[in-house]
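Listed here are the chains, written in short residue letters.
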Amino acid sequence: MRFTSLIQLSPAEFDIHFPAPCCTEARTRLGRLTELLQADPVPDLRRPEMAALLPQVDILVTGWKSHPVDAELRQRMPRLKLIAHLAGTVKGVLTQGVASSGLRVVSAAEANAKPVAEFTLAHILLHLKRVADWRSLYREKRSRIDTRNTRFGGPLGNAGRTVGIIGASRIGRRVAEDLRRHGVSVLLHDPFVSAETAASFGAKKVEMAVLLRRSDVVSLHQPLLPTTERSFGAAEFARMRDGALLINTARGRIIDSDALEAAMSGGRLFAVLDVTDPEPLPDTSPLWDMPNVTITPHIAGSFGCEVCAMTELVLDDIGRFTRDEPMQNEVVIADWERVA
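The present account deals with the structure reproduced in this document. Quick caveat, the model's predicted, so the values are computed rather than measured.

## Some remarks on the sheet that holds strand 6 (residues 162–166)
Part 1 of the reasoning: Taken in spatial order, the seven strands line up as 8-7-6-9-10-11-12 in an open sheet, and their pairing is parallel. In this open sheet, the two strands that pair with only one neighbour each are strand 8 (204–205) and strand 12 (293–295).
Part 2 of the reasoning: In this structure, strand 6 lies alongside strand 9 (residues 217–220), joined through four bridges in parallel fashion. Paired with Ile-165 across the bridge in strand 9 is Ser-219.
Part 3 of the reasoning: Along the sheet, helix 5 (residues 109–128) contacts strand 6, strand 9, strand 10 (245–248) and strand 11 (270–273); its crossing angle with strand 10, the most-contacted strand, is approximately 165°.

Here it is, written out as structure tokens:
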């Protein structure tokens, strides 16, 4: 059976998901796997000229900024069997109800986890060696520094240190596995993961209070859910040890914004924030000017040629779907309530 497909992306977003030159082959691959109903990407399925094509769609390819497929659009695509999402979370492109209407869904979340884990690992290792402090001191002195006697309020180096991971997501597990090579102990807090499962990727499951008290770095990797929104607040900051680093590459609204400002204002703690609430922060936010806070513009995930790994992963699963083989990156709709 020859499946038909349609790409719902703006031209600009098509270039993001199929970046040249590293993704040139992927630009033509979808046309070999399926029959493209329209060669050019479609910015909006609700355009009048789409009315004749929608009933013919078997596979819909979506991306970061694609318009959501609601119940009304779903009814207009009775043949739709697969949504192939070139980005991470699919919650922006369809609801659980639509996803449960006989559709299968794949996403590129697994491929996107790799650069986020790399970003997180880099900041952990650099912080535990206090590289930013060494840089500032060296810039100030501009002469030889006795690194043996200079102290920044705690132990230096990575060996024997402790990192706490909150949320055993794809990224959280990758970070734990990556830290194995560096002699770092990993603690995990996740109510949905057993101690045995945590041990399988190099972590020890503990209660939140224990993790906060013992960790030199705390890294957030939960999905944004009603139970996690603003769940990291004043009490959690108070339990963190002096000089500890908080990393957030998950969602800004997991952290209570007022508590974050208060905790960072004294200089006792450090933070790396790739996501904030709101995003970006207002010009007047004091966090911008705090030397103990690093803010990056949501860059931990895939960029440039890294995006091509996401695209290729989804195309691989489209190929498996057309051959009636098990897909490797299928979204489990039954887990909808607790996944990102």
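## Some details on the sheet that holds strand 2 (residues 35–36)
Part 1 of the reasoning: One open sheet accounts for five strands, arranged 2-1-3-4-5; its pairing is parallel. Every other strand in the sheet has two partners, leaving strand 2 and strand 5 (104–107) as the edge strands with one partner each.
Part 2 of the reasoning: The pairing of strand 4 (residues 82–85) with strand 5 spans four bridges and is classified as parallel. The partner of His-85 across the bridge, within strand 5, is Ser-107.

## A look at the state of the cysteines
Part 1 of the reasoning: According to the stated counting rule, one finds two disulfides in the structure shown.
Part 2 of the reasoning: In this model, Cys-22 is linked to Cys-305 through a disulfide, with the two sulfur atoms separated by 2.3 Å. Measuring handedness by torsion sign, the sulfur bridge of Cys-22 and Cys-305 sits at about -100° and is left-handed. Separated by 283 residues along the polypeptide, Cys-22 in the loop between helix 1 (11–17) and helix 2 (24–33) and Cys-305 in the loop between strand 12 and helix 12 (306–322) bring together distant segments of the chain.
Part 3 of the reasoning: Here Cys-22 falls in the partly exposed class, since its relative accessible area comes to 32%.
Part 4 of the reasoning: According to the relative accessible area criterion, Cys-305 is partly exposed, its value standing at 47%.
Part 5 of the reasoning: Between the sulfur of Cys-23 and that of Cys-308 lies a disulfide, 2.3 Å long from S to S. Looking along the S-S bond of the Cys-23-Cys-308 disulfide, the torsion reads about 90°, which is the right-handed sense. Of the two residues, Cys-23 sits in the loop between helix 1 and helix 2 while Cys-308 sits in helix 12, which places them 285 residues apart along the sequence. When sorted by exposure, Cys-23 lands in the same class as Cys-308, which is buried.
Part 6 of the reasoning: When the cysteines engaged in disulfides are numbered in sequence order, the chain pairs them as 1-3, 2-4.

Reading the values: the criteria
- Residues numbered from 1 in each chain as written.
- Predicted model: local features only at pLDDT ≥ 70, side-chain atom pairs only at ≥ 80, totals over all residues.
- Heavy atoms only, no water.
- Pairing = 2+ DSSP bridges.
- Helix = DSSP H or I, 4+ residues; strand = E, 2+ residues; numbered from the N terminus.
- Contact = heavy atoms within 4.5 Å.
- Axes fitted to C-alpha atoms, helices over the stretch in contact; angles between N-to-C directions.
- Disulfide = S-S within 2.5 Å.
- Buried < 20%, exposed > 50% of the residue type's maximum accessible area, 1.4 Å probe, protein only.

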